[in-house]
Amino acid sequence: QVQLVESGGGLVQPGGSLRLSCAASRNIFSINANAMGWYRQAPGKQRELVARITAGGSTDYADSVKGRFTISRDNAKNTVTLQMNSLKFEDTAVYYCNAQTISGIFWGQGTQVTVSS
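Residues numbered from 1 in each chain as written. Predicted model: local features only at pLDDT ≥ 70, side-chain atom pairs only at ≥ 80, totals over all residues. Heavy atoms only, no water.

Peer 1: Please explain the pattern of salt bridges as it appears in this structure.
Peer 2: When the charged atoms of two side chains lie near each other, side chains of opposite charge can form a pair. For the coordinates displayed, the defined rule picks out 5 salt bridges. Across the salt bridge formed by Glu48 and Arg40, the nearest N and O atoms sit 2.8 Å from each other. Overall, the relative accessible area of 5% leaves Arg40 in the buried class. Each of the salt bridges in this network shares a partner with another, and the network as a whole consists of Arg40, Glu48, Arg68 and Asp91. (Salt bridge = Lys/Arg side-chain N within 4 Å of Asp/Glu carboxyl O. Buried < 20%, exposed > 50% of the residue type's maximum accessible area, 1.4 Å probe, protein only.)

Here it is as structure tokens:
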């Protein structure tokens, strides 16, 4: 079992920045097959992948956030961070931390990001 706790959501104006953090209850990246990432779900839409990072350090991004969002990890602190810059109205959603492990898939409780003027 893995517990994931997100922090850092909030209200920001278009063009602004936010930083989301996710703390895992254990070291996800100690196993090569594991990965962590961020998904988001806007009202009336399906949950979609935003960014993910593997144990080997490879990263993937949704086309809509490439060049604006950066995912990183701190193995010592068991945390994954999503730096979001140049935020747009369409980035408004609930953002969920995700851990994909050989023992299962785990989700955080979600944190709201609202981009509004």
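There's more to say after this.
Peer 1: For this particular structure, what's the right way to read unusual backbone geometry?
Peer 2: With a phi close to 55 degrees, Asn78 is a non-glycine residue in the positive phi region. Residue position: Asn78 is located in the loop between strand 7 (69-74) and strand 8 (79-84). The exposure class assigned to Asn78 is partly exposed, which follows from its relative accessible area of 21%. Of note in this structure, Ser86 is not a glycine but carries a positive phi near 50 degrees. Counting through the fold element by element, Ser86 comes out in the loop between strand 8 and strand 9 (93-101). (Helix = DSSP H or I, 4+ residues; strand = E, 2+ residues; numbered from the N terminus.)

Peer 1: Which parts of the structure should I look at to understand the state of the cysteines?
Peer 2: What we call a disulfide is simply a covalent bond connecting the sulfur atoms of a pair of cysteines. Counted under the stated rule, the structure contains 1 disulfide. The disulfide bridge from Cys22 ends at Cys97, spanning 2.0 Å between sulfur atoms. For the disulfide bridge between Cys22 and Cys97, the dihedral angle about the S-S bond is near -85 degrees, and by the sign convention the bridge is left-handed. With Cys22 in strand 3 (residues 18-24) and Cys97 in strand 9, the pair connects residues that are 75 residues apart, well separated along the chain. (Disulfide = S-S within 2.5 Å.)

Peer 1: Just to check I follow, could you spell out the side chain of Thr81 for this structure?
Peer 2: Among the structural elements, Thr81 can be located in strand 8. For Thr81, a relative accessible area of 10% puts it in the buried group. Aside from chain neighbours lying at most four places away, what touches Thr81 is Arg19, Leu20, Ser21, Trp38, Thr70, Ile71 and Ser72. (Contact = heavy atoms within 4.5 Å.)

Peer 1: So what exactly am I meant to see when it comes to the layout of surface pockets here?
Peer 2: If you roll a probe as big as a water molecule over the atoms, it shows you where there is empty space left. As a volume, the largest pocket reaches approximately 160 Å³. Residue lining of the largest pocket: 13 residues in total, with Arg40, Ala42, Lys45, Glu48 and Glu90 positioned closest to the centre. Classifying every residue of the lining of the largest pocket by side-chain character gives 2 nonpolar, 4 polar and 7 charged. (1 Å grid on protein atoms, 1.4 Å probe; cavity = no way out; pocket = protein on both sides within 12 Å on 5 of 7 lines; lining within 4 Å. Points joined across faces, edges and corners; volume = space filled by probe spheres on them. Nonpolar A, V, L, I, M, F, W, Y, C, P; charged D, E, K, R; others polar.)

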